[in-house]
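Take a look at the letters that make up each chain.
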Amino acid sequence: MMNSDLQYFFSSKWIQATAECPIEQQGGAPLFLRSFTVKEKVQRAVLYITALGIFECFLNAKRTDDTLFNPGWTDYAKRVQYCTFDVTDQIVQGKNDFAVLLGAGWYAGHSGMSKPAFYGSAVPKCKFCLCLHYDSGRDEYIQSDAETLVTRDGPITYNDHLMGETYDGTRPSYAELLQRQDTAFDKCIVNTNIHTKPTPFLGEPIRVLDTLQAVSVQFQTKNTAVIDFGQNSVGVVELRLRAKTGARLQIRHGEILYPDGRLYTENLRTAKATDVYIARGNGEETYRPTFTYHGFRYAEVSSDSPFELLEARSVVIANDLTRTGFMRTSDNVVNKLLENAFWGQRCNHFSIPTDCPQRDERLGWLGDVQIFARSGAYQMNTLHFLKKWLVDVRDGILPDGSIPDVCPDMYHFSYGTAAWADAIAIVPQTLYEMYGNTELLEENFDALQNWVDYCIYTSDGFLRPAEGYGDWLNIDDDTDKRLISTAYFHYSVLILLNWMRILGCPGKEYYTAISEKIKAAFKERYLRGDLLANDSQTAYILSLKMQMFDDAKLNEKLAARLVEKIRERNNHLSCGFLGVSYLCPILTEYGYHELAYTLLLNRDYPSWGYSVVNGATTIWERWNSWSNETGFGNAEMNSYNHYALGSIVEWLYAYAAGIQCDKDTPGFKNFIFCPYPDKRLPSLKADYLSAAGKISVAYTVTGETFDCTLTIPLGMTASLRLPNYLQKARVNGEAAPQFLQEGTYHICATIQ
């Protein structure tokens, strides 16, 4: 039964500042105002609010909360989230002013590669209800309606979360406008044609997470400075400065510099990523943009007149996810790689899991998410964030069961693309294993079953069409798209069967038979003796990972051929997006852990270490986004902050550190401890804050001796499964047991 507060909120009116028109004709960001008088003691005050746009709320000139970019991005044709805030402590006796500052956001501004107003309107809208519950038992509801006042006379004269913001400091501030209510405000417009469903806010909100001081400021001309913040990040630049009244300062953002120190922005494509501040003058002033964000390490600040730059800070803004993974090794390049992967994830968890934060894209590509899902879950608690995003995925599914390439769905990409659409299986399965949340399987079961059924009836003899993006960004080592599609088809069937087992659903016999038919068709099409007809690294990786063959001896030979393929490239990888996350785990599981370490520790192109030794502070989109030989990569698609290739993180935690989830007891209530040490990485220390508690591992490799300390938290157990090359293992001085209870253990072994 719906509570009365929500009933009043849902009955509130959608309001806007102007009639429908282009954003350039709207004037400043609208500030809506409702004033009310309180004459008795308030027991509790709760604010419900949503927007088609993004908002910040004020009660008596103070922010009601510290969250940003609410209510986040969803498919606004299907749903919009609403936020709930307890504002009891901000209510005063007498007159109260409740105000909402409204920005364009994803709804009215640019979304992805589209023009503004993708959802049909360039005019942002909001609705709210402030629910007052008095000690006397009386209730009062302050709703958005035709009596709500609005002004566009404030200092934000233009805002777009992708293009930038213009702030005119010579105009009245919003605080000043609230003091001029009789003259500054007009009546708002009620819109009765909005039928989007408000739903509760899911996941962690967006907040300011950090601030980075400038590490260098270089004036290229008298009025142009290039600032280096030392870290590619996401958010805005905050400036403290002095300038004359009306001076126009422009802030441009970029990830990298030209050799001569100029800002490089070609890879932003059509994204202007430019903020403009018009100085108020008369002393020191500070500017931080409100309704925009950028991906950048560097900023260029220029002015049409002299100015004094007192301080510049990079304000890091993203979803406030808890960091759960911490690792340090004896190799500084590996350590930097881990930090780069963390920053790449942090920068791309902004309401949805975006591919990149800087250019005119910022889309929730399903392929990127499924590839990185387990690595991301080691680094951060992604359960609620991705659970929300999976709602976006389900909102985009077509009636035939096909799934869009990006979610929220932008309607102009493909549907049913292999490896991208299969995220509906892989992401919930990964989250289930990492967090033990069965609800995720229940919520996504129908979507997965419908996707598998779609694959069945659109296949040709149980081979999927040769469509899609293939092994995206591989290095001259293409994999047949039909092989990729069919392997992922089988993997989704296996995951569906697993969910049926867990949830007790009927139909296992039918889909088991489908699995056998897929494998038979795959074998006939691609197996040539002990090799694959498509002789690429990723072909072998996917065949082994997706369990395309039941013959263990054959799989050993396929793994050996994968090793040969790597050796042929002088011990270097050639796989793209689809092979990269599974490469080192497959090598390790088939006894080639030393080669996995070689790939990790490579420093030349192509390798994970290549970007690190070339100055990267986040993960690059391409293996060669920049090189000494060719300079910048193709600007049409070249992000320096793209987390997908950082999926080596999974191997570092699960194999190098040995912290693996036990699929029979998901959520790490019991975990598998199976470290794979290597003499080339003499020390490693890892902490993982799992769903069940904090697991700590620290080990050294000295000569032939492996010396490890493992801490299992209260209420958890571990299965000890040391690899075969660790011999004569002792735990606390005694023969190694198979199972360990909570506590701290000293594990020694000899490396053979």
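Provided above is the structure to which this section pertains.
The structure presented is a predicted model; accordingly, all values stated were derived computationally and were not measured. (Residues numbered from 1 in each chain as written. Predicted model: local features only at pLDDT ≥ 70, side-chain atom pairs only at ≥ 80, totals over all residues. Heavy atoms only, no water.)

S.K.: Quick question: what am I supposed to make of the side chain of Asp 275 here?
M.R.: If you trace the backbone, Asp 275 turns up in strand 22 (residues 274-278). We note that Asp 275 is buried and unpaired, the nearest opposite charge coming from Arg 362 at a distance of 9.1 Å. A distance of 3.0 Å separates polar atoms of two side chains, one belonging to Asp 275 and the other to His 294. Once residues within four sequence positions are removed from consideration, Asp 275 is found in contact with Gly 164, Glu 165, Leu 249, Gln 250, Ile 251, His 253, Tyr 287, Pro 289, Thr 292 and His 294. (Helix = DSSP H or I, 4+ residues; strand = E, 2+ residues; numbered from the N terminus. Buried < 20%, exposed > 50% of the residue type's maximum accessible area, 1.4 Å probe, protein only. Lys, Arg positive; Asp, Glu negative; His and termini not counted. Salt bridge = Lys/Arg side-chain N within 4 Å of Asp/Glu carboxyl O. Polar contact = N/O pair within 3.5 Å; in protein donor to acceptor, adjacent residues only side chain to side chain. Contact = heavy atoms within 4.5 Å.)

S.K.: Could you clarify how one ought to interpret the packing of helix 12 (residues 537-545) against helix 13 (residues 552-568) in this entry?
M.R.: The relative placement of two packed helices comes down to the angle between their axes together with the axis-to-axis distance. The N-to-C vectors of helix 12 and helix 13 enclose an angle of 150°; their axes lie 9 Å apart at closest approach. For the element pair helix 12 / helix 13, the angle class is roughly antiparallel. For the element pair helix 12 and helix 13, the recorded crossing hand is left-handed. Between helix 12 and helix 13, the residues in contact are Gln 537, Tyr 540, Ile 541 and Leu 544 and Asn 555, Leu 558, Ala 559, Arg 561, Leu 562, Lys 565 and Ile 566, respectively. (Axes fitted to C-alpha atoms, helices over the stretch in contact; angles between N-to-C directions. Parallel < 35°, antiparallel > 145°, perpendicular 65-115°, else oblique. Left-handed = near helix turned anticlockwise from the far one by under 90°.)

S.K.: How do you make sense of the sheet that holds strand 37 (residues 705-712) when you look at a structure like this?
M.R.: In space, the seven strands of this open sheet follow the order 26-35-36-37-42-39-40, with antiparallel pairing throughout. Looking at the sheet topology across the chains shown, the edges are occupied by strand 26 (325-329) and strand 40 (734-735). (Pairing = 2+ DSSP bridges.)

S.K.: Which parts of the structure should I look at to understand the layout of surface pockets?
M.R.: Vacant regions in the atomic arrangement are exposed by a probe of water-molecule size rolled over the atoms. Counted as a void, the largest pocket has a volume near 1000 Å³. Lining the largest pocket are 37 residues, and of these Arg 374, Glu 433, Tyr 491, Lys 545 and Lys 663 lie nearest its centre. Listed by contribution, the elements that provide at least two residues to the lining of the largest pocket are helix 6 (366-379), helix 8 (423-435), helix 10 (481-503), helix 12, helix 14 (577-589), helix 17 (648-656) and strand 33 (659-661). A class-by-class count of the residues in the lining of the largest pocket yields 21 nonpolar, eight polar and eight charged. (1 Å grid on protein atoms, 1.4 Å probe; cavity = no way out; pocket = protein on both sides within 12 Å on 5 of 7 lines; lining within 4 Å. Points joined across faces, edges and corners; volume = space filled by probe spheres on them. Nonpolar A, V, L, I, M, F, W, Y, C, P; charged D, E, K, R; others polar.)

S.K.: Before we go on, may I ask you to explain helix 9 (residues 438-457) in this structure?
M.R.: An α-helix turns once per 3.6 residues; consequently, residues spaced three or four apart project the same way. Spanning 20 residues, helix 9 covers 29 Å between terminal C-alpha atoms, matching the ideal 28 Å at 1.5 Å per step. Along its length, helix 9 reaches its greatest deviation from straightness, about 50°, at Asn 444. Where helix 9 is buried, its residues touch helix 7 (383-395), helix 8, helix 10 and helix 11 (508-526). (Expected span 1.5 Å × (residues − 1). Bend = angle between axes of the 7 residues up to and from the residue.)

S.K.: Looking at this model, I keep getting lost on the packing of aromatic side chains. Mind explaining?
M.R.: Aromatic ring pairs: the centre-centre distance and the angle between the two ring planes describe each pair. Applying the stated criterion across every chain, the model contains 47 aromatic pairs. Pairing Phe 118 with Tyr 119 gives two aromatic rings, centres 5.0 Å apart and planes at 90°, and the pair type is edge-to-face. Where Tyr 258 meets Tyr 264, the ring centres are 5.3 Å apart and the plane angle is 75°; that geometry is what we call edge-to-face. The burial state of Tyr 258 is the same as that of Tyr 264; both residues are buried. In this structure an aromatic cluster arises from ring pairing among Phe 69, Trp 73, Trp 106, Tyr 293 and Phe 350. Sitting over the ring of Trp 343, Arg 346 keeps its end group 4.8 Å from the ring centre. (Phe/Tyr/Trp six-rings, centres within 6.5 Å; stacked < 30°, edge-to-face > 60°. Lys NZ or Arg CZ within 6 Å of the ring centre and 35° of its normal.)

S.K.: Can you walk me through the pairing of strand 34 (residues 670-673) in this structure?
M.R.: Working note: regular strand, side chains alternate between the two faces of the sheet. Going residue by residue along strand 34, you find Asn 670 and Ile 672 tucked away on one face and Phe 671 and Phe 673 tucked away on the opposite face as well. Here strand 33 runs beside strand 34; their pairing, made up of three bridges, is antiparallel. Paired with Cys 661 across the strands is Phe 671, a residue of strand 34. In this sheet, strand 38 (residues 717-720) lies alongside strand 34 in parallel orientation, the contact comprising four bridges. Directly across from Asn 670, in strand 38, lies its bridge partner Thr 717.

S.K.: Is there a simple way to think about the sheet that holds strand 10 (residues 149-151) in this case?
M.R.: Backbone-to-backbone hydrogen bonds join strands into a sheet, with any given pair of strands oriented parallel or antiparallel. Strand order in the open sheet made by the six strands is 5-4-7-2-10-13, with antiparallel pairing throughout. At either end of the open sheet lies a strand with only one pairing partner, and these are strand 5 (62-63) and strand 13 (186-187). Summarising the sheet, strand 2 (residues 31-38) and strand 10 pair through three bridges and their orientation is antiparallel. What sits directly across from Leu 31, in strand 10, is Thr 151.

S.K.: What should I look at first to understand unusual backbone geometry in this one?
M.R.: Glycine aside, residues mostly have negative phi, and peptide bonds are mostly found in the trans state. Cis geometry marks the peptide bond from Cys 407 to Pro 408; its omega dihedral reads 0°. By secondary structure assignment, the location of Pro 408 is in the loop between helix 7 and helix 8. Cis geometry marks the peptide bond from Tyr 605 to Pro 606, where omega comes out at -5°. Within the secondary structure, Pro 606 is located in the loop between helix 15 (593-601) and helix 16 (608-613).

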